[in-house]
Amino acid sequence: MSAAAKRYGAALFELAQEEGLEERLLRELDGVLACFALEEQYYRLLSLPGVSRPERRALLDEAFGASVHVYVANFLKLLCDEGLIGQLPACVREFRARWRKAHGILLVRGASAAPLEEEARERLIRKLAAATGKQIELELTVDPSLLGGLRLDMDGVRLDGTLRRRLEVVRSELEALTL
């Protein structure tokens with residue numbers, strides 16, 4: 001994430017927090033990202049050098065106008081003016097990271113060889129919450145190359161209980177014995 005994205009995302013979060021608008025702005029920013037994902041050409045148009053600043057602002061007003069809070073509308077305009085509209089996803093990630101921290105929510109990203117059943121997922125969330133003392137937001141993906149088990153990444157720490165990792169450990173132990 002660029003320094004600019006961190007700075008802009010943080011500044012918008014601080015403003016939203018002062019006004020008690022964090023959840024609303026986060027929902028609206030997610031909506032803007034969803035719109036841009038559906039209309040990628042429109043998103044690219046906002047960053048073309050041939051489109052003047054007033055034209056970009058008018059495009060944003062036309063697209064989002066009164067449907068978003070004035071802070072979101074002005075934030076989009078500011079990013080366009082500074083040539084940073086391409087940094088919007090990173091700005092939203094920074095905003096969301098600060099929102100999570102302010103609300104005691106820990107993002108845990110995980111991967112498993114097969115999808116977890118809902119009951120197992122809930123048990124995992126409860127265990128992580130008990131161990132960390134935080135509310136858990138769990139994002140799981142399926143990675144068949146793990147062979148079995150689960151890998152979790154949270155707060156810069158990786159917990160790797162996958163079969164693939166265990167096999168790597170056994171292999172390195174065997175190699176150490178034969179030398």
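Up top is the structure.
Residues numbered from 1 in each chain as written. Predicted model: local features only at pLDDT ≥ 70, side-chain atom pairs only at ≥ 80, totals over all residues. Heavy atoms only, no water.

Novice: Would you mind showing me how to read the overall build of the protein chain here?
Specialist: Counting its secondary structure elements, the protein chain contains eight helices and four strands. For the protein chain, the sequential pattern of α-helices and β-strands runs α-α-α-α-α-α-β-α-β-β-β-α. Relative to the compact-globule value of 16 Å for 179 residues, the protein chain shows a C-alpha radius of gyration of 21 Å, a clear excess of over 25%. With the principal axes as the frame, the protein chain shows a C-alpha extent of 70 × 35 × 30 Å. In the protein chain, which comprises 179 residues, the proportion classed as buried is 35%. In the protein chain, 67% of the contacts between residues at least 6 apart in sequence involve partners at least 24 apart. On the protein chain, roughly 11000 Å² of surface is accessible, and the fraction owed to carbon and sulfur atoms is 53%. (Helix = DSSP H or I, 4+ residues; strand = E, 2+ residues; numbered from the N terminus. Rg over C-alpha atoms; globule rule 2.2 N^0.38 Å. Buried < 20%, exposed > 50% of the residue type's maximum accessible area, 1.4 Å probe, protein only. Contact = heavy atoms within 4.5 Å. Areas by Shrake-Rupley, 256 points an atom, 1.4 Å probe, with all protein chains shown as cover.)

Novice: Help me understand the packing of helix α1 (residues 3-19) against helix α5 (residues 70-81) in this model?
Specialist: Two quantities define a packed helix pair, namely the angle between the helix axes and the distance between the axes. Orientation of α1 relative to α5, taken along the N-to-C sense of each, is 165 degrees, at an axis distance of 12 Å. Comparing their axes, α5 and α1 come out roughly antiparallel. Considering the relative orientation of α1 and α5, their crossing is right-handed. Along its contact with α1, which presents Y8, L12, L15 and E19, the element α5 presents Y71, F75, L78 and L79. Here the contact of α1 with α5 is composed, by residue class, of seven nonpolar, no polar and one charged. (Axes fitted to C-alpha atoms, helices over the stretch in contact; angles between N-to-C directions. Parallel < 35°, antiparallel > 145°, perpendicular 65-115°, else oblique. Left-handed = near helix turned anticlockwise from the far one by under 90°. Nonpolar A, V, L, I, M, F, W, Y, C, P; charged D, E, K, R; others polar.)

Novice: Just to check I follow, could you spell out the nonpolar core for this structure?
Specialist: Burial of nonpolar side chains together is a common tendency in soluble globular proteins. Core analysis: the biggest nonpolar cluster contains 33 residues, and F36 and L88 have the highest contact counts within it. Of all the secondary structure elements, the ones that give two or more residues to this core are α1, α2 (22-38), α3 (40-45), α4 (53-64), α5 and α6 (88-102). Beyond its immediate stretch of four places on either side in the chain, F36 contacts Y42, Y43, L46, L60, F64 and L88. (Core = buried A, V, L, I, M, F, W, Y, C linked by side-chain atoms within 4.5 Å.)

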